[in-house]
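Here are the chains, one letter per residue:
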Amino acid sequence: MISKETLLEVMLENRQEVMRHKVIPRNITIEGFDRQVLVGVRRAGKSYILYGQIQKLIASGKTWDEILYLNFEDERLAGMELSDLNSILEVHARVSDKRPMLFLDEIQNVDGWEKFARRVADNKYHVVITGSNAKMLSTDVAAVLGGRYLTKEVFPFSFREYLAINGIDSKDRLLIATTDQRALLMRHFEEYFQFGGFPECATLPVKRDYLTSLYQKIFLGDIAARHRIENIFALRVLFKKLAESVMHPLSFSRATNIVASTGVKIGKPTVINYLEYAKNAYLLLTVPNIADNLTGRITNPKYYFIDNGIISILALDIRSSLLENLIALALIRRFGTKDAVYHYNHGIEVDFYIPETETAIQVSYSIAGSDETFDRETKALLKIGERLDVSHRIIVTYEEECIIEKDGVSIEVIPAWKFLLTWISQSGGE
C-alpha cells in the first residue's frame, strides 16, 4: 500500500521534472485519439514524448489542475499494487476539482494495470500510458483493454531525428552540396552507425559509457531480475553470441548449441525463455523467413538488436552486422513489427522482403571489391522475382551508389545514409 501523502509528493515533484526538460519533437504524435499506449525499449524516448505533449498543453493555456503525470519508475512507488491506482485520482482531487488528463509513465510495473486502464477509458478519461515491456501488446492485455486504446511502438531515434537533435536539417537540399557539408553528414552518420540512436546518448561526446550502463539496466533489471534468472553467465553469453551473428537465421537448437559450446550447461527450453524475455524487454526484434511455414517463422527467425549501440558494446569487428542491423531497424520502424518485414531463405538468401511495397533488399558493406559478392547479391535479387512479387530491387551499401542493369532488371545500389533519408521517406515513412 502506497500512502496518499507519498503519491502527492511524487506527483508534485514529477510536475517539476516534466517542465525542466527541453524536448526535441519526435516523428511520433499522440494527438487525434484520447487514449493511447506507447511501448518500447527503456530510454527510447517515451517519457519525453509525454513531456512534449504536456508542455504543449501548458503552452496552450491548460494548467496542472487539468493534468496528472506520474512516473511509476520512481522508487517511492515500488511495490505499488492495482488497488493503489485509484488513489491517484483521489490524490489529484485533493489539489484540483477538475477532471485530469492522465499521463502514466512505465505503468507496467504495476501488475494488473490494464484493468485500471480499462476503467478510466470507460469513464472517458484522456489517457496516455507508456511501458517498456512488449507484453503490453499481448492478446491478453488487448482483450482486457477491448479496443479502447491505440497502441504505438517507440524506437530510438531514426537517422533523421538524430541529425535534428544535433542541429542538422536533413531536408535541406544543400546538405551535401559542398565537401564540408558532406563530411559533416558522414561524421554524424558514422556516429549513428556505431552508437545508435538512444535519445540521451545522441549528443554525448563519449557514448560508450552511457550505452554500457543502459545495457546493464536492461540486461540485469528488465530481464535477469524481473524473471529471476540465476544463470547470468549463460544469459550474457547468449546475447554476446547473438550480437556476433546478427546476419544469420538462428533456430532455438542452434542458439542452445552456440551457448553450450562455451562450456555453459543450458537446455533448449531455457534458451527459448531467455529469447522471449529479451523480446519482451525490446532488446531483440525478430524478422521471420517468409518462405517458412508458421512454425518455422516463429522458431527460426533472424534476430536484430533494438539499437546499433548495443551491438557495438557486445561485439568487435562487426561493421557488416551493424549495417544490416541498421537497415532492419529502419524497416521495422517504418513498416512495423507484425507481419510486415521478412527475409527470404529457401535456396537463395535475400536479407529483407517488404510485401507492402514488393521490395527485395540486400545489405552488403561493399560490392565493389569482390566479384563473388557482386554475383551473390545480384543473382539472389533476380531469382527472388521468380518466387515472390518484386517491383523494386535494392542493394544497400555503406557508401557505394549506382544502378545495375542485369537481365532486363534494374537494381538500385544506394548508400545507407541516403537509404535512411530518402527511400524510407519515399515509402511513406518519416
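Residues numbered from 1 in each chain as written. Predicted model: local features only at pLDDT ≥ 70, side-chain atom pairs only at ≥ 80, totals over all residues. Heavy atoms only, no water.

**Q** Can you explain the sheet that holds strand β11 (residues 392–397)? Please cite residues and give values.
**A** Strand order in the open sheet made by the six strands is β8-β9-β10-β11-β13-β12, with mixed pairing throughout. One side of each edge strand has no neighbouring strand; the edge strands of this open sheet are β8 (342–345) and β12 (402–406). Each strand of the sheet is rotated relative to its neighbour by a mean of 30°, with strand direction disregarded. The sheet contact formed by strand β10 (residues 359–363) and β11 spans five bridges and is parallel. Bridge pairing in β11 places I361 opposite I394. Helix α14 (residues 319–335) contacts β9 (349–354), β10 and β11 of the sheet and is inclined by roughly 20° relative to β9. (Pairing = 2+ DSSP bridges. Helix = DSSP H or I, 4+ residues; strand = E, 2+ residues; numbered from the N terminus. Axes fitted to C-alpha atoms, helices over the stretch in contact; angles between N-to-C directions. Contact = heavy atoms within 4.5 Å.)

**Q** Give a detailed account of the packing of helix α9 (residues 232–244) against helix α11 (residues 268–280), specifying residues and quantitative values.
**A** α11 packs onto α9 with a crossing angle of 70° between their chain directions and a minimal axis gap of 11 Å. Put simply, α9 runs roughly perpendicular to α11. At the point where α9 passes α11, the crossing takes the right-handed sense. Across from A234, L235, L238, F239 and L242 in α9, the residues of α11 making contact are V271, Y274, L275 and A278. The residue makeup of the contact of α9 with α11, split by class, is nine nonpolar, no polar and no charged. (Parallel < 35°, antiparallel > 145°, perpendicular 65-115°, else oblique. Left-handed = near helix turned anticlockwise from the far one by under 90°. Nonpolar A, V, L, I, M, F, W, Y, C, P; charged D, E, K, R; others polar.)

**Q** Which residues make up the pairing of β10, and what values do they have?
**A** In terms of burial, β10 is largely enclosed, as five of its five residues are buried. Residues of β10 alternate between two faces, with T359, I361 and V363 on one and A360 and Q362 on the opposite face, all of them buried. In the sheet, β9 pairs with β10 via three bridges, with the strands oriented antiparallel. Counterpart to F352 in the pairing with β10 is I361. (Buried < 20%, exposed > 50% of the residue type's maximum accessible area, 1.4 Å probe, protein only.)

**Q** Give me the lowdown on the pairing of strand β1 (residues 35–39), citing residues and values where you can.
**A** The buried fraction of β1 is high, at five of five residues. Where burial is concerned, the two faces of β1 agree: the one with R35, V37 and V39 and the one with Q36 and L38 are both buried. As defined by bridge partners, β1 adjoins strand β4 (residues 127–131) across five bridges and the pair is classed as parallel. Within the sheet, the bridge partner assigned to Q36 lies in β4 and is V128.

**Q** Can you explain the nonpolar core? Please cite residues and give values.
**A** The nonpolar side chains of a soluble globular protein tend to be buried with one another. Counting 137 residues, the largest nonpolar core has F239, L331 and F419 as its most contacted members. If near-sequence neighbours (up to four positions away) are discounted, F239 is found in contact with Y215, F219, I223, Y274, A278, L283, F305 and L314. Within the second largest apolar cluster, 17 residues are counted, among which are I348, V350, I367 and I395. (Core = buried A, V, L, I, M, F, W, Y, C linked by side-chain atoms within 4.5 Å.)

**Q** Which residues make up the packing of aromatic side chains, and what values do they have?
**A** Pairs of aromatic rings are described using the distance from one ring centre to the other and the angle between the two planes. All chains considered together, the criterion is met by 14 aromatic pairs. Taking the centre distance of 6.0 Å and the plane angle of 35° together, the rings of F189 and F193 count as tilted. Of this pair, F189 and F193 both sit in helix α7 (residues 179–195), separated by four residues, roughly a single helical turn. The exposure classification of F189 matches that of F193, with both residues buried. A network of ring pairs unites the aromatic residues F159, Y162, F189, Y192, F193, Y365 and Y398 as a single cluster. Cation over ring: R334 sits above F335, and NZ or CZ is 4.2 Å from the ring centre. (Phe/Tyr/Trp six-rings, centres within 6.5 Å; stacked < 30°, edge-to-face > 60°. Lys NZ or Arg CZ within 6 Å of the ring centre and 35° of its normal.)

**Q** An account of the sheet that holds strand β3 (residues 101–105) is needed here, citing residue identities and associated values.
**A** Ordered in space as β2-β3-β4-β1-β5, the five strands form an open sheet in which the pairing is parallel. Across the chains shown, the open sheet's two edge strands, defined by having one partner strand only, are β2 (67–71) and β5 (150–153). When the angles between neighbouring strand axes are averaged without regard to direction, this sheet yields 10°. Two strands pair when backbone bridges link them, and β3 and β4 are joined in this way by three bridges, in the parallel orientation. Counterpart to F103 in the pairing with β4 is V128.

**Q** Tell me about α14, and please be specific about residues and values.
**A** The end-to-end C-alpha distance of α14, which contains 17 residues, comes to 24 Å, matching closely the 24 Å that a straight helix rising 1.5 Å per residue would cover. Counted residue by residue, α14 has 14 buried out of 17 residues, so it is predominantly covered. (Expected span 1.5 Å × (residues − 1).)

**Q** Can you lay out the pattern of salt bridges for me, pointing to particular residues and giving the numbers?
**A** Tallied over the entire structure, the rule returns 26 salt bridges. A salt bridge links R76 to E9, with the nearest nitrogen and oxygen atoms 2.8 Å apart. A residue pair is termed long-range when its members are at least 10 positions apart, and R76 in the loop between β2 and α3 (86–95) and E9 in helix α1 (residues 4–20) qualify at 67 residues. A relative accessible area of 38% places E9 in the partly exposed class. Each of E9, E13, D74 and R76 takes part in a single network of salt bridges with overlapping partners. (Salt bridge = Lys/Arg side-chain N within 4 Å of Asp/Glu carboxyl O.)

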